[in-house]
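Working through the structure, step by step
The primary structure of each chain is shown beneath.
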Amino acid sequence: MDRLSQPSVKIQEQFYPLPNSGPATSYQQNWKGNLPGSQYKTQVEGRVDHQLTSANSLFGRFSWNRTGANVWDYSLPTIPKRDQDRRSTTITISDTHLLSPALINEFRFGIMQTKNPAFNPLDGPALVKAFGLQGISWNPELDKGAPVFSFNNFEEIGATDIYQDPSERIFELVNNITWTRNSHTVKTGVNFRWNRGTNFPGGTSFPVLQFGQFSFSGVYSGFDYADFLLGIPQTAGRANAAPLINALSTDMSLFVQDDWKVTPKLTLNLGLRYDYNPPTHEKDDNFFNFDVPSGRVVVPSEAALGRVNPLFPSNLVPVVTAKQAGLPKSLWYTDLNNFVPRFGFAYRPFSSNRTVLRGGYGIYIDDLTSSLWRLGTGGPFVSRESFTNSIAGGKPAFQFPNAFPPGFGAIGAQSFSAIDPRLRNPYIQQWNLTVEQEILGMGVRASYIGTSTRQLVWVQQINQVPPSASPFDSSQRRFPALRDVSLRVNGAGHKYHSLNLVAERKLQSGLYYQLGWTWAKNMTNCLTDGDGGCQPLNAYNRDADWGNVDYTPRHRVAGSLLYDLPFGKGKPYLNESRVADWILGGWTASSIIVLQTGLYFSPNFSGFDVSNTNTTGSQRPDRVADGNLPSSQRKISRWFDNKAFAVPGDLTGDGRPDVKVGRFGNSGPNVIVGPGTLLMDGGLHKNFRLGERVRATLEGTFTNVLNHPNYGTPNLNIRSGSVGQITSLYGRYSAGPRSGRLGLRFEF
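Source: prediction; values computed, not measured.

Helices and strands together make up the secondary structure of the chain, namely eight helices and 37 strands. Relative to the 2.2 N^0.38 estimate, which gives 27 Å for 748 residues, the radius of gyration of the chain is 30 Å and therefore close to what a compact globule would have. A buried classification covers 43% of the 748 residues belonging to the chain. The contacts in the chain between residues at least 6 apart in sequence include a share of 70% that link residues at least 24 apart. Computed over 72 positive and 58 negative side-chain charges, the inter-centroid distance for the chain is 5 Å.

Another aspect to go through is the sheet that holds strand E6 (residues 148–150). If you walk across this open sheet you meet the four strands as E6-E10-E11-E20, and the pairing is mixed. Here the strands that pair on one side only, and so sit at the sheet edges, are E6 and strand E20 (384–388). Along the sheet, successive strands turn relative to each other by an average axial angle of 10 degrees, direction set aside. Where E6 meets strand E10 (residues 213–215), three bridges bridge the pair, whose relative direction is parallel.

In this section: the side chain of Thr703. With respect to the helices and strands, Thr703 occurs in strand E36 (residues 695–703). Take Thr703: its relative accessible area is 18%, and that puts it in the buried class. Here the side chain of Thr703 touches Ser739 through a polar contact of 2.7 Å, side chain to side chain. Look past the residues within four positions of Thr703 in its chain and what remains in contact with it is Met680, Asp681, Ser734, Pro737, Arg738 and Ser739.

A few words now on the sheet that holds strand E15 (residues 289–291). With mixed pairing, three strands are arranged side by side in an open sheet as E15-E16-E17. Lying at the two open borders of the sheet, with one neighbouring strand each, are E15 and strand E17 (319–321). Mean inter-strand twist for the sheet, computed between neighbouring axes without regard to direction, equals 40 degrees. Bridging between strand E16 (residues 296–299) and E17 involves three bridges; their strand directions are parallel. Considered in E17, the bridge of Val299 is made with Thr321.

Throughout the structure, instances matching the rule amount to 19 salt bridges. By sharing partners, the salt bridges in this structure join Arg66, Asp85 and Arg87 into a single network.

With that settled, the discussion passes to the packing of aromatic side chains. Scanning the model with the defined rule gives 31 aromatic pairs in all. Cation over ring: Arg47 sits above Phe59, and NZ or CZ is 4.1 Å from the ring centre. Positioned above the aromatic ring of Phe404 is the side chain of Arg238, whose terminal nitrogen or guanidinium carbon lies 4.6 Å from the ring centre.

Further remarks concern the side chain of Ser590. For Ser590, the location among the structural elements is in strand E30 (residues 587–596). Among the polar contacts made by the side chain of Ser590, one reaches the side chain of His685 at a distance of 3.5 Å.

In this approach the atoms are scanned with a rolling probe the size of a water molecule, which exposes any empty space left behind. Counted according to the given criterion, the structure contains one cavity of 30 Å³ or more. As a volume, the largest cavity reaches approximately 40 Å³. Considering the residues around the largest cavity, the lining is formed by Asn277, Pro279, Tyr333, Thr334, Asp335, Leu368, Trp373, Leu423, Arg424 and Asn425.

In terms of strand pairing, strand E12 (residues 245–263) meets strand E13 (residues 266–276) through eleven bridges, oriented antiparallel. Bridging from a neighbouring strand, Leu254 pairs with Tyr274 of E13. Linkage of E12 to E13, two consecutive antiparallel strands, is achieved through a turn of two residues. Of the strand pairs in this sheet, E13 and strand E18 (residues 339–347) are connected by nine bridges, and their pairing is antiparallel. Counterpart to Arg273 in the pairing with E18 is Val340.

Once that is clear, we can look at the nonpolar core. The tendency in soluble globular proteins is for nonpolar side chains to be buried as a group. Counting residues in each nonpolar core, the largest one holds 33 residues, and the members touching the most others are Phe15, Ile136, Phe149, Phe151, Ile157, Phe214 and Phe228. Listed by contribution, the elements that provide at least two residues to this core are helix H1 (6–15), helix H2 (124–131), E6 and helix H4 (224–230). Of all hydrophobic cores here, the second largest spans 24 residues; its members include Phe312, Phe416, Ala418 and Val485.

A few words on H1. By the burial criterion, the buried members of H1 are Pro7, Ser8, Val9, Ile11 and Phe15. On its buried face, H1 sits against H2, E6 and H4.

The next subject is H2. All of the buried residues in H2 are Gly124, Pro125, Leu127, Val128 and Phe131. The buried residues of H2 occupy one face: seen down the axis, they fall within an arc of 165 degrees. Elements in contact with the buried residues of H2: H1. Count one or two residues on from H2 and you reach Gly132, which has phi positive near 80 degrees.

Glancing now at the packing of H1 against H2. In the contact formed by H1 and H2, the axes pass within 8 Å of each other and the chain directions differ by 130 degrees. The orientation of H1 relative to H2 falls into the category oblique. Counting all contacts with H1, which are made through Pro7, Lys10, Ile11, Gln14 and Phe15, the residues of H2 involved are Leu127, Ala130 and Phe131.

What follows covers unusual backbone geometry. Each neighbour pair has its own omega, and for Phe400 with Pro401 the value is 10 degrees, a cis peptide bond. Assignment of secondary structure puts Pro401 in the loop between strand E22 (395–396) and strand E23 (416–419). Phi angles above zero are rare outside glycine, and Asn707 is one such case at about 55 degrees. Looking at the element boundaries, Asn707 is found in the loop between E36 and strand E37 (739–747). With relative accessibility at 37%, the residue Asn707 sits in the partly exposed group.

With respect to the helices and strands, the residue Gln414 is situated in the loop between E22 and E23. For the pair Gln414 and Gly22, spaced 392 residues apart in the sequence, the C-alpha separation amounts to 43 Å.

Taken together, the side chains of Tyr573, Leu574, Val579, Trp582, Ile583, Leu584, Leu690, Leu698, Leu744, Phe746 and Phe748 present a nonpolar region at the surface, about 1200 Å² in accessible area. Breaking the nonpolar patch down by element, the ones donating at least two residues are helix H8 (578–584) and E37. Examining the composition of the nonpolar patch, we find that four residues originate from one element, H8, more than from any other. Locating Leu690 in the fold gives a position in the loop between strand E35 (677–689) and E36.

Next up on the list: the pairing of strand E27 (residues 511–524). Looking at chain direction, strand E26 (residues 485–508) and E27 are connected through 13 bridges and run antiparallel. Bridging across to E27, Leu499 finds its partner in Trp519. Hairpin connection, E26 to E27: the antiparallel pair is bridged by two residues, and Ser509 has positive phi, about 55 degrees. Relative to strand E29 (residues 555–564), E27 runs antiparallel, the two sharing nine bridges. Counted as the bridge partner of Trp519 is His555 from E29. Inspection of the sheet shows E27 paired to strand E28 (residues 547–548) by two bridges, in the antiparallel sense. Bridging from a neighbouring strand, Thr524 pairs with Gly547 of E28.

What counts and what doesn't
- Residues numbered from 1 in each chain as written.
- Predicted model: local features only at pLDDT ≥ 70, side-chain atom pairs only at ≥ 80, totals over all residues.
- Heavy atoms only, no water.
- Helix = DSSP H or I, 4+ residues; strand = E, 2+ residues; numbered from the N terminus.
- Rg over C-alpha atoms; globule rule 2.2 N^0.38 Å.
- Buried < 20%, exposed > 50% of the residue type's maximum accessible area, 1.4 Å probe, protein only.
- Contact = heavy atoms within 4.5 Å.
- Lys, Arg positive; Asp, Glu negative; His and termini not counted.
- Charge placed at Lys NZ, Arg CZ, Asp CG, Glu CD.
- Pairing = 2+ DSSP bridges.
- Axes fitted to C-alpha atoms, helices over the stretch in contact; angles between N-to-C directions.
- Polar contact = N/O pair within 3.5 Å; in protein donor to acceptor, adjacent residues only side chain to side chain.
- Salt bridge = Lys/Arg side-chain N within 4 Å of Asp/Glu carboxyl O.
- Phe/Tyr/Trp six-rings, centres within 6.5 Å; stacked < 30°, edge-to-face > 60°.
- Lys NZ or Arg CZ within 6 Å of the ring centre and 35° of its normal.
- 1 Å grid on protein atoms, 1.4 Å probe; cavity = no way out; pocket = protein on both sides within 12 Å on 5 of 7 lines; lining within 4 Å.
- Points joined across faces, edges and corners; volume = space filled by probe spheres on them.
- Core = buried A, V, L, I, M, F, W, Y, C linked by side-chain atoms within 4.5 Å.
- Arc of directions from axis to C-beta.
- Parallel < 35°, antiparallel > 145°, perpendicular 65-115°, else oblique.
- Patch = residues over 30% accessible without salt bridge, like charges linked within 9 Å, V, L, I, M, F, W, Y side chains within 5 Å.
- Areas by Shrake-Rupley, 256 points an atom, 1.4 Å probe, with all protein chains shown as cover.

Listed below in structure tokens is the structure:
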């Protein structure tokens, strides 16, 4: 007991309630209870239409929404509820003017504004004082939050998103002109967008990081919680405070398109678009970049240089202005080459006109948004640090209550997220070929769709030392005085191929249905949808991350059905009785069905630097066998064969490396196929006429009518005692337990 860290004991008593459910060996989901929460939503909308002249019409639309919540977001009931009050306002004005029978002008102007303050009432300063943690300071004006403690086998304490105050405002102007002459319909237009937004530097997690973030993996004692009770984190991070940033950007697009009816059987679509998407900048120049060639931090102006945080270690990293670095004041160059063509055709090869061939090719620009350029906030205005612990002579480099090595600005503690000054917009090539045929009153469609994305943004960890059998030594880094330098560059890619078969019957005799099957192969070496890019495990082997996209199933069947029951007035049966019409007439049955094979997952482990690159976070293991069990052996208690994966260098099977391998695991990403999904929703709707101007609709809708269990992701941590077990349900498409809703709506 004397070895227990008193801050750790106090943290445990503050946040971990005694378990009241499950076996004594269960580390997670062992507390159950019902706690009250509340949510509300208010929506106000209005629209005005006015015919100015016979050739000129005007409309205006207004929308105001308020969504509030006071809910439990986290698995620990000792973390209070989130209080959030999101408000959004949208105003749109549109003018359509018929200038001549062959010329139409459309003008639109819109404003969208959102504010989304959310916070958790944890008192960070009071908690730090109560726990007795040392080496933590904070901005008195940003005192909400708490230290964050994360584990492999236990629920995380605290969270990095419990305090945020973002707002956004967008002004948009669009003007399109359509001109028709002979067999050509030409459309051209321009679109301007003025974007304004405020947020904390570095994203919504920043204010909380000033109270410290600590991870425990069991690398020192063999068990993560034992490391915690000893007060020895494997990694620790902190930041000092800075004010809100005000991000500004202006985008513009131009296009021209010609729909050319070459013959009655052939139509061509020819178009060209240009997108101007410059980097976001900050109102007061509180932006920075890290100049890799010179190893210096660059800020836009002398005024910004004067606002550098006094704790920032400029003796280790020089800070210069853009002019001194030979860069534009914006810090980044604008990609001016975003000219993209479009081509399409539709052809009816036979005189029956029941067969249509369609195809097309186009290039589309992926806009770089503020979520990427926000990486240029913080930096020297914040001073954010990360530390990796070590034990020498039986003593850790730092241990609670001393939460950090002494002083800001230690060598090897500063990290930077940099962006290539000449970063280009990624672009997507898309092509398709479709055959449509009318058969037995149905439209049958077979399509091939392909896409190829080039120049995706990825994170080149240029300060990562090459994997080797030699122990990690920071002197081998490109910049030995720094920790991580994460440079966003172009170069990652993505490929998608799919076959789609769809049969559709339009509403006839009260019956409509559609049924489709999709086979898809979606591959990438950049497993993220965010503008900030993906970071491969090995900065020197990005292709090792090539694999299946996790959210695209290989096969998917989706169908919908709508049927007006044949009873009552105007229907074949019981159409003369008012009583029968009132009871049985006007009913419509509907159904939606989804069947799909499983999504893809990656087994992982953490806690060991097997590559000797100072990488101890989540990593892919060695793959010694396939790992996917036959369908007859898959169970929620063991979905995949965890014995097919091993921590590199583990010779005894205890989940710890026994020899130095000096490399990352050889398993590719997303090699495990998860549970499939079967979902059927249904509904019944009945319309009533209650007079000339009043109509009522009685409806009942039900999700997962069959109450089929659709399982979620298995535990993928191969060092966890519950590896391979599924403890959650699939969260999309309302695929959880069966639920129903009854409603009555009046229209007058």
